[in-house]
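For reference, the chains in residue letters:
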Amino acid sequence: MDWDEYLREACHADDMEQIRYALEQGADPNVDLYHNGRILLYWAARSGRADFVRLLLQAGAQVAREEQADSTSVHGAVEHNHREVLELLLAADGAAALDWFDYIDRTPLMCAVDENNTELAERLLRAGASVNAHNAACIGDTALKRAAERGDSEMVRLLLDARADPLISGWMGRTPWDEAQQRRSAEGLQVRELIEKAAPQFMRQETKTRKRTK
């Protein structure tokens with residue numbers, strides 16, 4: 001019996017009894033459900049199935065096994081605003097994926113920014129997410145740049161409090177500071193004020209660094 005295939009079929013049928021049975025028989029809890037790199041844990045997490053996620057973790061599912069996938073269970077939980085699932089993942093080995101990039105070069109923190117979810121963003125930062133992570137290889141944006149583009153003052157304040165750098169260049173060479181200059185709405189002007197207030201300290205640090213390296 002191919003228990004991995006049995007597990008896939010049970011998952012497609014959403015039959016928890018048969019899913020448990022397959023796992024008990026030795027099916028791989030890290031099975032790739034659709035043969036596309038995303039393991040079963042990802043699909044359970046993005047669906048908000050805390051019971052399913054808990055079962056998979058207990059059976060040995062690991063976020064670390066998602067390193068080569070184009071998205072992870074942590075991304076999925078955050079992108080779909082599933083706090084309980086995120087907590088389960090972080091209590092296991094979910095911290096492994098905090099600074100991994102998905103197929104559009106987002107970390108889980110950036111997903112929280114895109115969802116305007118400051119609660120999850122704050123939780124990810126407490127878990128150890130790098131506030132200044134960005135895919136430099138493809139000139140990717142930081143979480144702060146995405147928040148500035150959205151004119152989200154609450155998120156910008158949270159990220160700046162976590163030492164987000166408003167001078168890191170992203171797509172098209174634009175920085176969060178550049179994005180802030182374009183804001184015209186009331187909340188956007190708050191974003192501009194917050195970033196303009198934070199920028200000088202990073203400029204001073206950059207100047208000191210250049211002097212030390214000369």
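Each remark here, short or long, concerns the structure printed above.
Cut-off values and rules
Residues numbered from 1 in each chain as written. Predicted model: local features only at pLDDT ≥ 70, side-chain atom pairs only at ≥ 80, totals over all residues. Heavy atoms only, no water. Salt bridge = Lys/Arg side-chain N within 4 Å of Asp/Glu carboxyl O. Core = buried A, V, L, I, M, F, W, Y, C linked by side-chain atoms within 4.5 Å. Buried < 20%, exposed > 50% of the residue type's maximum accessible area, 1.4 Å probe, protein only. Contact = heavy atoms within 4.5 Å. Phe/Tyr/Trp six-rings, centres within 6.5 Å; stacked < 30°, edge-to-face > 60°. Helix = DSSP H or I, 4+ residues; strand = E, 2+ residues; numbered from the N terminus. Polar contact = N/O pair within 3.5 Å; in protein donor to acceptor, adjacent residues only side chain to side chain. Axes fitted to C-alpha atoms, helices over the stretch in contact; angles between N-to-C directions. Parallel < 35°, antiparallel > 145°, perpendicular 65-115°, else oblique. Nonpolar A, V, L, I, M, F, W, Y, C, P; charged D, E, K, R; others polar.

Engineer: Please clarify how the pattern of salt bridges should be interpreted in this entry.
Structural biologist: Two side chains of opposite charge can pair, provided their charged atoms sit close to one another. Inspection of the entire model under this criterion finds 20 salt bridges. When salt bridges that share partners are traced, they join Glu79, Asp102, Arg106, Asp114, Arg146 and Arg150 into one network.

Engineer: Teacher, can you tell me more about the nonpolar core here?
Structural biologist: One finds Leu7, Ile19, Leu41, Val53, Leu89, Leu124 and Leu159 to be the most contacted residues of the largest nonpolar core, which totals 62 residues. In this structure, Val53 is in contact with Leu41, Ala44, Ala45, Val85, Leu88 and Leu89, ignoring residues within four places of it in sequence.

Engineer: Is there a simple way to explain the packing of aromatic side chains in this structure?
Structural biologist: Ring pairs (aromatic) are described by centroid distance and by the angle formed between their planes. On inspection of all chains with the given rule, the structure shows 5 aromatic pairs. Here Trp3 and Tyr21 contribute two aromatic rings whose centre-to-centre distance is 5.6 Å and whose plane-to-plane angle is 80 degrees, an arrangement assigned as edge-to-face. Highlighted residues: Trp3 in helix H1 (residues 3-12) and Tyr21 in helix H2 (residues 16-24), separated in sequence by 18 residues. Of the residues examined, Tyr21 reaches a relative accessible area of 36% and is grouped as partly exposed. Summarising the aromatic geometry, the rings of Tyr34 and Trp43 are spaced 5.0 Å apart at their centres and angled 80 degrees between planes, so their arrangement reads as edge-to-face. Overall, the relative accessible area of 45% leaves Tyr34 in the partly exposed class.

Engineer: Help me understand helix H8 (residues 118-127) in this model?
Structural biologist: Along an α-helix, residues three or four apart share an orientation, since each turn contains 3.6 residues. Among the residues making up H8, those that are buried are Thr118, Leu120, Ala121, Arg123, Leu124 and Leu125. The secondary structure elements touched by the buried residues of H8 are helix H5 (73-79), helix H6 (83-91), helix H7 (108-114) and helix H10 (153-161). With a side-chain oxygen positioned 3.3 Å from the backbone nitrogen of Glu119, the residue opening H8 is Asn117. Phi turns positive one or two residues past the end of H8, at Gly128, with a value near 115 degrees.

Engineer: Whenever I open this one, unusual backbone geometry confuses me. Can you help?
Structural biologist: Among all residues except glycine, the phi angle is most often negative; among peptide bonds, the trans geometry is most common. Of note in this structure, Asn116 is not a glycine but carries a positive phi near 55 degrees. Among the secondary structure elements, Asn116 is positioned in the loop between H7 and H8. You can call Asn116 partly exposed: its relative accessible area is 45%. A positive phi angle, close to 75 degrees, is found at Arg163, a residue other than glycine. Following the sequence through the fold, Arg163 ends up in the loop between H10 and helix H11 (176-181).

Engineer: Any chance you could explain the side chain of Arg123 here in plain terms?
Structural biologist: Secondary-structure assignment places Arg123 in helix H8. With relative accessibility at 15%, the residue Arg123 sits in the buried group. With sequence-adjacent residues up to four places away left out, Arg123 is seen in contact with Arg83, Leu86, Glu87 and Leu90.

Engineer: Sorry if this is basic, but what is going on with the packing of H8 against H10 here?
Structural biologist: Each pair of packed helices can be described by the angle between their axes along with the distance between the axes. Closest axis-to-axis distance for the H8/H10 pair is 10 Å, and the angle between their directions is 10 degrees. Of the possible angle classes, the one that applies to H8 and H10 is roughly parallel. For the pair H8 and H10, the contacting residues are Thr118, Ala121, Glu122 and Leu125 in the first and Glu154, Met155, Leu158 and Leu159 in the second. Partitioning the contact of H8 with H10 into residue classes produces 5 nonpolar, 1 polar and 2 charged.

Engineer: How should the side chain of Asp102 be read in this particular structure?
Structural biologist: Inspection of the secondary structure puts Asp102 in the loop between H6 and H7. Residue class for Asp102 comes out buried when judged on its relative accessible area of 5%. A distance of 3.0 Å separates a polar side-chain atom of Asp102 from the backbone nitrogen of Ile104. Within the local environment of Asp102, its side chain forms a polar contact with the backbone nitrogen of Arg106, the two atoms lying 2.8 Å apart. When sequence neighbours within four positions are dropped, the list of residues in contact with Asp102 reads Asp70, Ser71, His75 and Cys111.

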